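Residues per chain, in single letters:
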Amino acid sequence: MAEIVLGFGTSHGPLLATPPEEWDLRGAVDRKNTELAWRDRTYDYPALAQARGATFAPMNAGDVRAERFARCQRSLDELGQVFEAAKPDALLIVGDDHHEWFMADIQPAFSIFHGDTLLNRALTREEMARQESSGLKYAAQIYYPVQDETYACPSALASHLVRSAMTDGFDVTSCAQQPADAGVPRRLGHSFGFIYRRILRSRPPLIPVMVNTYYPPNQPSPKRCFEFGRALGRAIRNWPGGERIAVAASGGMTHFVVDEEMDHRLLDAMAKRDYDRLVSEPDIHFRSGTSEIKNWIVVAGILAETELRMNLLDYAACYRTEAGTGSGMGFAVWS
Ligand SMILES: [Fe+2]
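Predicted model only: the values in this text are computed from it and were never measured. (Residues numbered from 1 in each chain as written. Predicted model: local features only at pLDDT ≥ 70, side-chain atom pairs only at ≥ 80, totals over all residues. Heavy atoms only, no water.)

Caption draft 1: Structural detail: the pairing of strand β5 (residues 110-113). Taking every second residue as pointing to the same face, both faces of β5 are buried, with F110 and I112 on one and S111 and F113 on the other. Bridge count between β5 and strand β11 (residues 206-211): three bridges; the pairing is antiparallel. Following the sheet pairing, F110 is matched in β11 by V211. As judged from the three bridges shared by β5 and strand β8 (residues 173-175), these two strands associate in the parallel manner. Within the sheet, the bridge partner assigned to S111 lies in β8 and is T173. (Buried < 20%, exposed > 50% of the residue type's maximum accessible area, 1.4 Å probe, protein only. Helix = DSSP H or I, 4+ residues; strand = E, 2+ residues; numbered from the N terminus. Pairing = 2+ DSSP bridges.)

Caption draft 2: Inspection of the packing of helix α6 (residues 155-167) against helix α8 (residues 222-238) at higher detail. Where α6 contacts α8, the two axes come as close as 9 Å, and the packing angle between them is 125°. Considering the angle they form, α6 stands oblique to α8. Every pair of crossing elements has a handedness; the one defined by α6 and α8 is right-handed. Contacts between α6 and α8 involve H160, L161, S164 and A165 on the former and, on the latter, F228, L232, A235, I236 and N238. Partitioned by chemical class, the residues of the contact of α6 with α8 number six nonpolar, three polar and no charged. (Axes fitted to C-alpha atoms, helices over the stretch in contact; angles between N-to-C directions. Parallel < 35°, antiparallel > 145°, perpendicular 65-115°, else oblique. Left-handed = near helix turned anticlockwise from the far one by under 90°. Contact = heavy atoms within 4.5 Å. Nonpolar A, V, L, I, M, F, W, Y, C, P; charged D, E, K, R; others polar.)

Caption draft 3: Spatial organisation of the pattern of salt bridges. Under the definition given, this model contains 23 salt bridges. A salt bridge links D24 to R65; its shortest N-O distance comes to 3.0 Å. Of this pair, D24 sits in helix α1 (residues 24-32) while R65 sits in helix α3 (residues 62-86), and the two are 41 residues apart along the sequence. Ionic pairing is found between E305 and R237, a salt bridge with its closest N-O pair at 3.2 Å. Linking E305 in the loop between α11 (293-303) and β13 (310-319) with R237 in helix α8, this pair joins segments that are 68 residues apart in sequence. When salt bridges that share partners are traced, they join K223, E227, R230, R237 and E305 into one network. (Salt bridge = Lys/Arg side-chain N within 4 Å of Asp/Glu carboxyl O.)

Caption draft 4: A look at the pairing of strand β12 (residues 244-250). Along β12, six of the seven residues are buried, which leaves the element largely enclosed by surrounding structure. Where strand β1 (residues 3-10) meets β12, seven bridges bridge the pair, whose relative direction is parallel. Each residue of the ladder has a partner; that of F8, found in β12, is A248.

Caption draft 5: Main features of the sheet that holds β11. One open sheet accounts for eight strands, arranged β8-β5-β11-β4-β12-β1-β14-β13; its pairing is mixed. At either end of the open sheet lies a strand with only one pairing partner, and these are β8 and β13. Each adjacent strand pair in this sheet contributes to an overall mean axis angle of 15°, direction not counted. The sheet contacts of α3 involve β1, β4 (90-95), β12, β13 and β14 (326-334), and relative to β13 the element is tilted by about 150°.

Caption draft 6: Local environment of α3. An ideal rise of 1.5 Å per residue puts 36 Å on 25 residues; α3 measures up with 37 Å between its terminal C-alpha atoms. Among all positions in α3, only R65, R68, F69, R71, C72, Q73, S75, L76, L79, G80, F83 and A86 are buried. (Expected span 1.5 Å × (residues − 1).)

Caption draft 7: Inspection of the coordination of the iron ion at higher detail. Coordination of the iron ion by the protein involves H12 (NE2), H98 (NE2) and E292 (OE), with metal-donor separations of 1.9 to 2.2 Å. As a motif over one chain, the donors of the iron ion read H-x85-H-x193-E. Pair noted here: H98 is in the loop between β4 and β5 and E292 is in the loop between α10 (275-279) and α11, with a separation of 194 residues, a long-range link. Pair check on accessibility: H98 and E292 agree, each one buried. (Donors = N, O, S within 2.8 Å, 3.2 Å for Na, K, Ca; no water.)

Caption draft 8: Structural context of the packing of aromatic side chains. According to the stated counting rule, one finds 15 aromatic pairs in the structure shown. Ring plane angle 70° and centroid distance 6.5 Å describe the contact between W101 and F102, whose orientation is recorded as edge-to-face. Accessibility classification places W101 together with F102 in one group, the buried group. An aromatic cluster is defined as three or more aromatic residues linked by ring pairs; in this entry it consists of W101, F102 and F113. (Phe/Tyr/Trp six-rings, centres within 6.5 Å; stacked < 30°, edge-to-face > 60°.)

Next comes the structure, spelled out in structure tokens:
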């Protein structure tokens with residue numbers, strides 16, 4: 001029986017790499033965004049500022065931003081230490097794809113990679129130029145490797161996860177080969193790459209579990225995500241190998257419109273193992289980047305029937321405009 005020895009959750013986002021005095025780079029993108037999702041409605045920037053009362057100017061002061069940025073860096077460093085101390089044999093990351101592996105032609109709700117190796121390739125010069133023109137110059141420095149890296153994938157265990165989840169009623173997309181265009185492998189998603197580039201010091205074997213949290217119309221509901229996680233937890237326990245597995249959730253919390261109340265509500269439900277409350281959050285609240293909290297819900301499901309308990313390392317609301325856009329940054333360990 002494989003054993004889950006550690007869980008962790010981490011936000012990933014450009015602000016985690018961008019110097020606080022340059023957070024306006026991303027703020028400028030928010031100001032042009034006409035589809036800012038907040039609670040059950042969608043706003044353009046002026047309408048959002050009006051709806052929220054535009055009371056977030058003090059949270060954008062340089063010293064506030066700097067303090068929150070520093071706290072995030074401490075939490076990321078701590079996650080790295082905790083992971084290396086646990087020395088797991090493999091890492092299962094639950095993340096969403098951001099049109100990196102999957103494009104508009106096919107977008108699986110749940111998919112698991114179970115090939116033998118994964119290439120995490122460095123950006124080409126053209127790809128880097130595109131990142132820079134979208135205000136993601138700094139993000140690229142924590143999302144992608146400097147040079148190509150190849151990770152082993154425990155393929156027998158990963159294909160067991162697919163089979164077992166299928167038996168449990170989840171029609172998981174099977175992905176045995178990295179997608180490629182004209183022979184060039186597509187980029188490993190930044191949900192996964194971020195954890196290797198910014199958090200881990202070692203290069204453990206990886207099982208990527210991809211959840212379409214983001215793109216309509218086939219995003220799984222919070223309840224479905226939780227139950228999928230429970231099915232993966234059962235599958236890991238049923239696996240006859242003796243591997244020690246770590247699991248991680250990548251992404252979230254609320255962004256690009258920060259909703260501290262929602263973040264605390266969901267983090268608290270996970271810490272207290274109040275799963276009814278966790279999955280009763282209305283699905284419409286999980287849109288845009290905020291949808292990535294569903295990756296945490298999958299991980300909460302994986303860990304629900306283990307002895308591991310969630311400890312919130314920190315939560316820092318990082319604001320980049322006076323209308324309250326930015327990212328709620330959460331960091332947690334289940335141990
Ligand atoms: Fe993301």
